[in-house]
Amino acid sequence: MADDKLIKLIELLAKRSDQGKVRWEKTLDDGVFQAAFSEGFSMRISERPSETEPEGTDVVVTLYNEEGEVIERFSDADFGGAKIFGKHPYQTMKEIYTTARRTAMGAAKAIDTIIGELHEPEDDQPDVRTPNDDEVPF
Amino acid sequence: MHRLDIWSLLPDRYSSLKRLLVTIRSSNANLLPKHRAVLLGAIQQFSDIEKKVERALANHSSPSNVAKLNEIVSLQLDHINEILAALRQEIGIEKNGR
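Owing to the predicted nature of the structure, the values given are computational and were not obtained by experimental measurement. Residue positions are counted from 1 within each chain, in the order its sequence is given. In the order they appear in the text, chains get letters beginning with A and ligands get numbers beginning with 1. In keeping with the model being predicted, local features are shown solely for residues with a pLDDT of at least 70 and side-chain atom pairs are shown and tallied solely at 80 or more, while totals for entire chains, interfaces and linings include all residues. Each side-chain value is worked out from all heavy atoms of the structure, with water and hydrogens disregarded.

**Thoughts on the pattern of salt bridges**
Note on definitions: salt bridges are taken to be side-chain nitrogens of Lys or Arg within 4 Å of carboxyl oxygens of Asp or Glu. Evaluated as defined, the whole model comprises 10 salt bridges over all chains. Lys 68 of chain B is paired through a salt bridge with Asp 30 of chain A; the nearest N and O atoms lie 2.7 Å apart. Here Lys 68 of chain B, found in helix α3 (residues 66-95), pairs with Asp 30 of chain A, found in the loop between β1 (25-26) and β2 (33-36), and the two come from separate chains. Three exposure classes are used, based on accessible area relative to the maximum for each residue type with a 1.4 Å probe and protein chains only: buried under 20%, partly exposed in between, and exposed over 50%. For Lys 68 of chain B, a relative accessible area of 12% gives the class buried. Owing to a relative accessible area of 61%, Asp 30 of chain A belongs among the exposed residues under this scheme. Each of the salt bridges in this network shares a partner with another, and the network as a whole consists of Arg 48, Glu 51 and Asp 58 of chain A. Segments assigned H or I by DSSP are reported as helices when at least four residues long, segments assigned E as strands when at least two residues long, and all are numbered from the N terminus.

Pasting the structure below:
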């Protein structure tokens, strides 16, 4: 059973990753993404085949110290029946993984840029449909 | 050297680069937290690359996926250059008293 601090860590990681405040980047290994923090610790997030579900995956977080040594490793499977943001830990950790991948691969920036280009002021207005004379209700 | 396939010289170069980055990171009190994080990330990435090259050399081969290796190195060097530019600017401002 993972302790409360790990749950807190995952909650904050999910929140800050979603806000674009965690600098995820690619690593040499495909599908493994890294974020480093100013006080000398870094983490990596990855997926691996699930140990319990034949077709499924687990999301794994590994923490490193300044020397690059592994100091902690856990997966969604270690949280047992605990909930994170009211959801199964896999869902929250998978969302973090997806955000990490998008950020590291530049997809998050690309999506924001394209939204910026497609967006027009009229999109801020409520979507009120005007009745169409051609449409006969029945 | 990556492109010339001179892998045997690289582990020492990566080691020196890592030592340099560790020194910059630990000896600059003025470094912003985000720069400290970037340097730590770069140190980890170069450690990975060093290990990968060492492993390949032990097997008398070249590392697999050299393109990705080059990409990671280029990205990290870009980040480091940004930090060095920021540090130079800061030192310049201090010297000029502005």
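Read on for the rest.
**Considering the sheet that holds β2 of chain A**
Residues and elements named next belong to chain A. The pairing criterion for strands is at least two bridges between them, as found by DSSP. If you trace the 5 strands from one edge of the open sheet to the other, you get β1-β2-β3-β4-β5, paired in antiparallel fashion. Since the sheet does not close on itself, it has two edges, and those belong to β1 and β5 (70-75), each with one partner. With 5 bridges joining them, strand β4 (residues 57-64) and β5 adopt antiparallel strand pairing. Bridging across to β5, Val 61 finds its partner in Phe 74. Contact criterion: two residues are considered in contact whenever any of their non-hydrogen atoms come within 4.5 Å of each other. To get an axis, fit a line to the C-alpha atoms, keeping to the stretch in contact for a helix; angles then go from 0 to 180 degrees between the N-to-C directions. Taken strand by strand, helix α1 (residues 4-18) contacts β3 (42-49), β4 and β5, and its axis lies near 80 degrees from that of β5.

**Describing the interface of chain A and chain B**
Counting from both sides, the interface comprises 20 residues of chain A and, opposite them, 18 residues of chain B. For the pair chain A and chain B, the two sides together bury roughly 1600 Å², of which 47% comes from carbon and sulfur. Counting across the interface, chain A meets chain B through 4 salt bridges. Here a polar contact means two N or O atoms within 3.5 Å. Within protein one must be a hydrogen donor candidate and the other an acceptor candidate, and residues neighboring in sequence count only if both atoms are side-chain atoms. At the boundary of chain A with chain B, the tally comes to 13 residue pairs in polar contact (both at pLDDT 80 or more). Mapped onto the side of chain A that touches chain B, the elements with two or more residues apiece are β1, β2 and β3 of chain A. By residue class, the composition of the side of chain A that touches chain B is 5 nonpolar, 7 polar and 8 charged. Reported buried area values correspond to the accessible surface (1.4 Å probe) lost by two parts on association, with both partners' losses combined. Each residue gets one label: Ala, Val, Leu, Ile, Met, Phe, Trp, Tyr, Cys and Pro are nonpolar, Asp, Glu, Lys and Arg are charged, and the others, such as Gly, are polar.

**Thoughts on the side chain of Gln 44 of chain B**
By the secondary structure assignment, Gln 44 of chain B is in helix α2 (residues 33-58). Other than its neighbours up to four places away in sequence, Gln 44 of chain B contacts Gln 34, Ser 42, Arg 44, Tyr 64, Asn 65 and Gly 68 of chain A.

**Looking at a negative patch on the surface**
All names here are of chain A. Patches draw on residues past 30% relative accessible area with no salt bridge. Two like charges within 9 Å are joined, as are two nonpolar side chains (Val, Leu, Ile, Met, Phe, Trp, Tyr) within 5 Å. Note on areas: Shrake-Rupley, 1.4 Å probe, and residue coverage restricted to the protein chains presented here. We treat Lys and Arg as the positive residues and Asp and Glu as the negative residues; His and chain ends play no part in the count. By convention, the point assigned to a charge is CZ for Arg, NZ for Lys, CD for Glu and CG for Asp. A cluster of acidic residues, Asp 3, Asp 4, Glu 72 and Asp 78, forms a negative patch at the surface. Along the chain, Asp 3 falls in the segment before α1. Residue classification places Asp 3 among the partly exposed positions, given a relative accessible area of 44%.

**Description of the packing of helix α1 (residues 10-27) of chain B against α2 of chain B**
Residues and elements named next belong to chain B. Contact pair α1 / α2: the axes reach a minimum separation of 9 Å and the direction vectors enclose 165 degrees. Here α1 is positioned roughly antiparallel relative to α2, judged by the angle of their axes. Once α1 is placed against α2, the crossing between them reads as left-handed. Two secondary-structure elements touch here, α1 through Leu 10, Pro 11, Tyr 14, Ser 15, Leu 17, Lys 18, Leu 21, Val 22, Ile 24 and Arg 25 and α2 through Arg 36, Leu 39, Leu 40, Ala 42, Ile 43, Phe 46, Ser 47, Ile 49, Glu 50, Val 53, Glu 54 and Leu 57. The residue inventory of the contact of α1 with α2, partitioned by class, reads 15 nonpolar, 2 polar and 5 charged. When describing relative orientation, an angle under 35 degrees is termed roughly parallel and one over 145 degrees roughly antiparallel, while 65 to 115 degrees is termed roughly perpendicular and anything else oblique. With the far helix as reference, a near helix turned anticlockwise by less than a right angle produces a left-handed crossing, and one turned clockwise produces a right-handed crossing.

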